[in-house]
Amino acid sequence: MKLDFNTIIIGAGVAGMTSAIYLRRAEVTCLLIEQEMPGGQITRTSTIENYPGIKSITGPDLAVDMFSQVQELGANVIFTKVEKIIDQEEYKIIHTSTKDYTCKHVIIATGRSPRKLMIEGEEKYTNRGISYCAICDGPLYKKKEVAVIGGGNSAVEEAIYLSNICTHVTLIHRKDRLTAQKNLINRLLERPNVTIEYHSTATEFMGEDGHLTTIKIHNTETKKEKQIAISGCFIYIGQIPNTAFLKDLNICNEHGYVKTNHLQETPIDNIFAVGDVTSKELYQIVTATSDGAIAANAIINRQ
Ligand code: NAP
């Protein structure tokens, strides 16, 4: 049976794009399927300063550079949503919302999506003051007061970025200390226009005329409620893996991450997974690109 492609990569984040680069350099036919825009999580990242060889770059710029490399190497790219992978053992069928494609190998690189707070007003004011992407929406809040929720690397990095644009940034974190890298925390603490509300959980978003105006927070130590006037709120409370379309395959762990071995192989023959969609110790661009290269190399070695 003639298959459409040797390999189909699902997801054009940094992991999937790296797989495409390695496969194309070895002249393996591949199709890269993306449902939004190339880049994945880095398109929502303001500044990247820990990718070796590049001292500082914006996430969107790195995404554009990688995607142009993928295209120059002749990878086929389509923009559609993958709904299901059908395992026929000898080959796989990738069922998308537009068409079915056949291939020998699959690389799952669908990454993660921002976790939601699930509190009152969040849905109502999303895109009307609430955002999950400071680099996309931050400029809308120039010279305004905003809040950032979370205490990890993303929240702290994006709070630093927003403090350059906005009059004031309130960082709201549920614990008594931030868990981001020390250098990021130090940079945040140096900012004169940043206030940190520790031990605090957001309980409600309120607005006027269809736009966010206020966040209500609860201090778990003092048990006091407080309302803060803000024009924008950026939520960075972690991510959830994009694996709902894999439920029939039974290759995910109890947290929804795909299980892989040292070659990025899943429990199903010829199906690989790379990047943030996998269960791993360190979620970074370097580890995602590393996964992408390892999976592609395993496929190249089977040719
Ligand atoms: P993260 O490290 O999982 O941090 C999530 C933050 O949100 C934590 O402070 C957590 O608080 C808080 N949180 C979780 N659920 C919450 C809820 N329901 N309500 C309020 N707060 C909540 O997520 P991330 O910052 O998005 O980072 C994801 C991964 O990418 C991490 O592995 C990170 O290291 C990596 N990353 C690295 C860089 C970098 O190297 N420069 C930049 C960005 C991201 P608790 O601590 O209380 O759980």
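Scroll up to find the structure.
Anyway, here's the lowdown on the structure attached to this text. Since the structure is predicted, the reported quantities are computational estimates derived from the model, not experimental observations. (Residues numbered from 1 in each chain as written. Predicted model: local features only at pLDDT ≥ 70, side-chain atom pairs only at ≥ 80, totals over all residues. Heavy atoms only, no water.)

### Some points on the sheet that holds strand β15 (residues 211–219)
Part 1 of the argument: Sheet architecture is open: three strands sit in the order β14-β15-β16, paired in antiparallel fashion. Among the strands making up the open sheet, the edge pair consists of β14 (200–208) and β16 (225–229). In this sheet, neighbouring strand axes are inclined to one another by 25° on average, regardless of whether the strands run parallel or antiparallel. (Pairing = 2+ DSSP bridges. Helix = DSSP H or I, 4+ residues; strand = E, 2+ residues; numbered from the N terminus. Axes fitted to C-alpha atoms, helices over the stretch in contact; angles between N-to-C directions.)

### Looking at the packing of helix α1 (residues 14–25) against helix α2 (residues 59–72)
Helix-helix packing is characterised by the crossing angle of the two axes and by the distance between the axes.
Part 1 of the argument: Close contact between α1 and α2 brings their axes to 9 Å; oriented N to C, the two are set at 25°. Accordingly, the angle class assigned to the pair α1 and α2 is roughly parallel. The crossing of α1 and α2 is left-handed. On α2, the residues that touch V14, M17, A20 and I21 of α1 are A63, M66, F67, Q69 and V70. (Parallel < 35°, antiparallel > 145°, perpendicular 65-115°, else oblique. Left-handed = near helix turned anticlockwise from the far one by under 90°. Contact = heavy atoms within 4.5 Å.)

### What to know about the site of the ligand
Part 1 of the argument: In the vicinity of the ligand lie 20 residues, with G151, N153, E157, R174 and Q284 positioned nearest.
Part 2 of the argument: One of the side-chain N or O atoms of N153 is found 2.9 Å from an oxygen atom in the ligand.
Part 3 of the argument: Take E157: an N or O atom from its side chain is 2.7 Å from a nitrogen atom of the ligand.
Part 4 of the argument: Protein coverage of the free-state accessible area of the ligand, which is 910 Å², stands at 76%.
Part 5 of the argument: Among the elements that take part in the shell around the ligand, helix α5 (residues 153–163) stands out by supplying three residues, more than any other.
Part 6 of the argument: Two domains each donate at least three residues to the shell around the ligand, and these are domain 1 (5–113 + 239–300) and domain 2 (116–235). (Near = heavy atom within 4 Å. Polar contact = N/O pair within 3.5 Å; in protein donor to acceptor, adjacent residues only side chain to side chain. Areas by Shrake-Rupley, 256 points an atom, 1.4 Å probe, with all protein chains shown as cover. Domains from an automatic or database assignment.)

Function-wise, these values are silent; they only describe arrangement.
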